[in-house]
Structure formats: C-alpha cells, structure tokens
Amino acid sequence: MGRAVRFARRTALVTGAGSGIGRACARRLAAEGATVTVADIDPAAAAETAELIVKEGGAARPVTGDVSVEDDVRAMVETAAGDGGRLDVLHSNAAVLSREVYGRDLDLTEMDVEVWDRTLAVDLRGAMLCVKHAVPRMGAGAAIVNTTSVSALVGDTDHAAYGAAKAALISFTRYVATMYGRRGIRCNAVAPALVLTEAARRAMTPERLAEKAAERLLPDPCEPEDVAALVAFLASSEARCITGQTIVIDGGTLAHRPEHAIRQAREAG
Ligand SMILES: NC(=O)c1ccc[n+]([C@@H]2O[C@H](COP(=O)([O-])OP(=O)(O)OC[C@H]3O[C@@H](n4cnc5c(N)ncnc54)[C@H](O)[C@@H]3O)[C@@H](O)[C@H]2O)c1
C-alpha cells in the first residue's frame, strides 16, 4: 500500500530545511503532496534540498534568509504563500548550531553575551517572526510545528542558552495555540533527543554513541525521517484535535529514572 497523501494542494514553509531534520521534513511534506518552500541561511543547502525534492517528483522552491531578520522572514512567507496567498503549514525548525555560537554556549561565567543573544535571536525570535508573518496567511485547518529539544526539559553542564531558548519555545507554542485556536489554526512542537543527522553522525564519537544508546529505552537511535513522520502527522488533519502540545521523540530517553540506564550499563559490563 502506498503512503498517504495528506498535503495535496497545500503550501508549506520549512525553515532550516537545508540539512538534517528540516530537510527530512521538507522531503516528507513534499512526498505527501505539499508545495514546499525550503528556507535556509545557507543558499547552497536550500537549493540542494529543493533540487532533491524536485528529483523525487515533488514541488519545492528554495529561499535564502536568516529567520532572525524580519524582512527575510516576510520574504520566506511570501514565497511560500505563492500566487494563492495562502500558507497551510509552517515548520519553524531553524536553530543556530554553528561552532561559533552553539559551540561557545558553555560555562555561563565565561559566556560571551553575543552567544546568548544570537541563540535566542535565531532559535526563539525566529519562530516568533515566522508566526507573525505566517498567521495572516493561514486559515482554518492550518498548522504550525516548532522544533524544540529535550534540552528544554532537563539541565546540562553546557548549552544553557540553547536550552533556555528551546524551553521558551515550548511556552510560545502554547501561547500561539491559544491565540489562534479559535481560528482553527493549531500549533504544536516536537522535542527530539539525539537525532542522527549527517552532522550529528560526524560529531559523535563511538563512545558518545554508546552513552546515548545506554540512556535510551529503545535499541535504535532516531533518524531525521522519524522526526519528519511526527512533524507530518502534527501538521496533518489527522492531528486536528491536538494543539498546544510538545511531543517528545527520544527513544524513551526521558521516560525513566537514570538508575535504570546506570543499572543496564553495569549489567552489560
Ligand atoms: N539533531 C539533533 O540531535 C537534534 C536534537 C534535538 C533538537 N534538534 C533541533 O532540530 C532542528 C534541526 O537541527 P539539525 O540537527 O537538523 O541541524 P542542522 O544544522 O543539520 O540544520 C539546521 C539548519 O538550520 C539552518 N540555519 C541556521 N541558522 C539559521 C538562520 N538564522 N536562519 C535560517 N536557517 C538557519 C542551517 O543552515 C541548517 O541547514 C534544530 O531546531 C535543532 O535544535 C536537533
């Protein structure tokens, strides 16, 4: 049996769609019939995703822009709404994960305030600007999905700016759901733990991968396509009764007491 086609004649905007999770989400929405605008700060990456989708038989157009810049977001939404002027799906997924910003989001006592500001500008203000410009183009049945992270739900010894921005995004998701719910516009978020994008695969040592496996309940790591399946569900009318929610997709990493993982690792030797 073929895959469902839930987005025929729908328009979608995916930010940070030049690679990783955003690319997988853009491909999935396009495979299910959406005309997808692939937005990314990296023009070559956006073009590559759009070309890939077209090669796969889908409809996509790339747009280059920075989600923290209002004029860029306005242009992304205008491109996505196209001639019909209507946007059906917004997936706010862009985050700054560069070495210069995310890589310097370390000990707060030594943190350069620009790292904090840039993280919040891209990861949080970016989502706000997308909503600001997308909602006027949306009607009943439209859906917004934000990509947050399990880093929003637990503490860590680094990446406080990232965690704070992603936590605010969970609250923001509820506010957007509340503001526009009566218009039939839904807003939800997905919160992944480690997702094995190409960049994550490159960055992870075998030891770190083993640690992550020990933290999970399920044997397999999450792939970008797993997140794309969840995003497509939340964006589709099958999720018409779900709004204001954040769905954790983490192979069970946060579903148990830490002792369980420690015991398992000890038993495995
Ligand atoms: N991969 C993981 O393990 C993981 C886990 C939890 C959450 N996430 C979240 O998933 C989302 C996607 O992450 P990914 O792992 O696919 O990363 P990625 O680096 O592969 O993709 C992020 C994309 O966003 C683009 N981008 C960066 N800054 C931008 C800006 N200002 N404007 C527009 N585009 C911009 C980048 O060019 C890149 O193509 C992010 O929100 C990230 O926080 C990822």
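Model, not experiment: these values are computed from the prediction.

Conventions we followed
Residues numbered from 1 in each chain as written. Predicted model: local features only at pLDDT ≥ 70, side-chain atom pairs only at ≥ 80, totals over all residues. Heavy atoms only, no water. Helix = DSSP H or I, 4+ residues; strand = E, 2+ residues; numbered from the N terminus. Expected span 1.5 Å × (residues − 1). Buried < 20%, exposed > 50% of the residue type's maximum accessible area, 1.4 Å probe, protein only. Arc of directions from axis to C-beta. Contact = heavy atoms within 4.5 Å. Phe/Tyr/Trp six-rings, centres within 6.5 Å; stacked < 30°, edge-to-face > 60°. Core = buried A, V, L, I, M, F, W, Y, C linked by side-chain atoms within 4.5 Å. Near = heavy atom within 4 Å. Polar contact = N/O pair within 3.5 Å; in protein donor to acceptor, adjacent residues only side chain to side chain. Areas by Shrake-Rupley, 256 points an atom, 1.4 Å probe, with all protein chains shown as cover. Nonpolar A, V, L, I, M, F, W, Y, C, P; charged D, E, K, R; others polar. Axes fitted to C-alpha atoms, helices over the stretch in contact; angles between N-to-C directions. Parallel < 35°, antiparallel > 145°, perpendicular 65-115°, else oblique. Left-handed = near helix turned anticlockwise from the far one by under 90°. Salt bridge = Lys/Arg side-chain N within 4 Å of Asp/Glu carboxyl O. Pairing = 2+ DSSP bridges. Right-handed = clockwise from strand over helix to strand, strands pointing away.

Undergrad: An account of helix H3 (residues 70–81) is requested, with residue identities and associated values reported.
TA: An ideal rise of 1.5 Å per residue puts 16 Å on 12 residues; H3 measures up with 16 Å between its terminal C-alpha atoms. Buried within H3 we find Val73, Met76, Val77, Ala80 and Ala81. All buried residues of H3 fall inside an arc of 125° around its axis, so they share one side. Contacts made by the buried residues of H3 are with strand S1 (11–15), strand S2 (35–40), strand S3 (59–64) and helix H4 (113–134).

Undergrad: Break down the packing of aromatic side chains for me, with residues and values.
TA: Following the criterion strictly, the structure yields one aromatic pair and no others. Ring geometry for tyrosine 102 against tyrosine 162: centres 5.1 Å apart, planes inclined by 85°, an arrangement best described as edge-to-face. Of this pair, tyrosine 102 sits in the loop between strand S4 (89–92) and H4 while tyrosine 162 is found in helix H5 (residues 160–180), placing the two residues 60 residues apart along the sequence. Classification of tyrosine 102 by relative accessible area gives partly exposed; the value is 24%.

Undergrad: I'd like a rundown of the nonpolar core, residues and numbers included.
TA: Nonpolar side chains tend to gather and get buried jointly when the protein is soluble and globular. In terms of nonpolar packing, the biggest core is built from 33 residues, with Leu13, Leu90, Val131, Met138 and Ile144 touching the most fellow members. Residue assignment for this core shows that the elements contributing at least two residues are H3, H4 and H5. Tallying contributions element by element places H4 first for this core, with seven residues. The next biggest cluster of nonpolar side chains, apart from the first, holds 32 residues, and it includes Ile21, Ala30, Ala50 and Ile249.

Undergrad: Go over the site of the ligand, please, and point to the residues and values.
TA: Near the ligand, the surroundings consist of 26 residues, among which Ile21, Asp40, Asn93, Tyr162 and Val195 are the closest. Note that an oxygen atom of the ligand is positioned 2.8 Å from one of the backbone N or O atoms of valine 195. Coverage of the ligand by the protein chains reaches 88% of its 820 Å² of free accessible surface. Class assignment for the residues of the shell around the ligand results in 12 nonpolar, 10 polar and four charged.

Undergrad: So what about the packing of H4 against H5? Which residues, and what values?
TA: Relative orientation of the contacting elements H4 and H5 amounts to 15°, with a least axis distance of 9 Å. As summarised for this structure, H4 and H5 are arranged roughly parallel, according to the angle between their axes. In terms of crossing hand, the pair formed by H4 and H5 is right-handed. Packed against H4, whose contacting residues are Trp116, Thr119, Leu120, Asp123, Leu124, Ala127, Met128 and Val131, the element H5 presents Ala160, Ala161, Tyr162, Ala164, Ala165, Lys166, Ala168, Leu169, Phe172, Val176 and Tyr180 at the interface. Residue composition of the contact of H4 with H5, by class: 16 nonpolar, one polar and two charged.

Undergrad: Account for the packing of helix H1 (residues 20–31) against helix H8 (residues 224–235), with residues named and values stated.
TA: It is the contact of H1 with H8, at a shortest axis distance of 8 Å, that shows an interaxial angle of 50°. The pairing of H1 with H8 is recorded here as oblique in orientation. When you trace H1 past H8, the crossing you get is right-handed. Counted together, Gly20, Ile21, Ala24, Cys25, Arg28 and Leu29 of H1 and Pro224, Glu225, Val227, Ala228, Ala229, Val231 and Ala232 of H8 form the full contact between these two elements. Classifying every residue of the contact of H1 with H8 gives 10 nonpolar, one polar and two charged.

Undergrad: Now, about the pattern of salt bridges: what can you tell me, with residues and values included?
TA: Throughout the structure, instances matching the rule amount to 13 salt bridges. The salt bridge partner of arginine 118 is aspartate 66, with a shortest N-O separation of 3.0 Å. Residue arginine 118 is found in helix H4, and its partner aspartate 66 is found in the loop between S3 and H3; the two are separated by 52 residues along the sequence. Aspartate 66 sits in the buried class, given a relative accessible area of 13%. One salt bridge in this structure joins glutamate 223 and arginine 201, with 2.8 Å as the shortest N-O distance.

Undergrad: Lay out the pairing of strand S5 (residues 143–147) with the relevant residues and their values.
TA: The two faces of the sheet receive side chains in turn, since in a regular strand these alternate between them. Summarising burial for S5: five of the five residues are buried, a large majority. Across the two faces of S5 the burial is the same, with Ala143, Val145 and Thr147 and Ile144 and Asn146 all buried. Inspection of the sheet shows S4 paired to S5 by four bridges, in the parallel sense. Considered in S5, the bridge of histidine 91 is made with valine 145. Taken together, the five bridges between S5 and strand S6 (residues 186–192) define a ladder with parallel strand orientation. Bridged to alanine 143 within S6 is arginine 186. The parallel pair S5 and S6, bridged by H5, forms a crossover whose chirality is right-handed.

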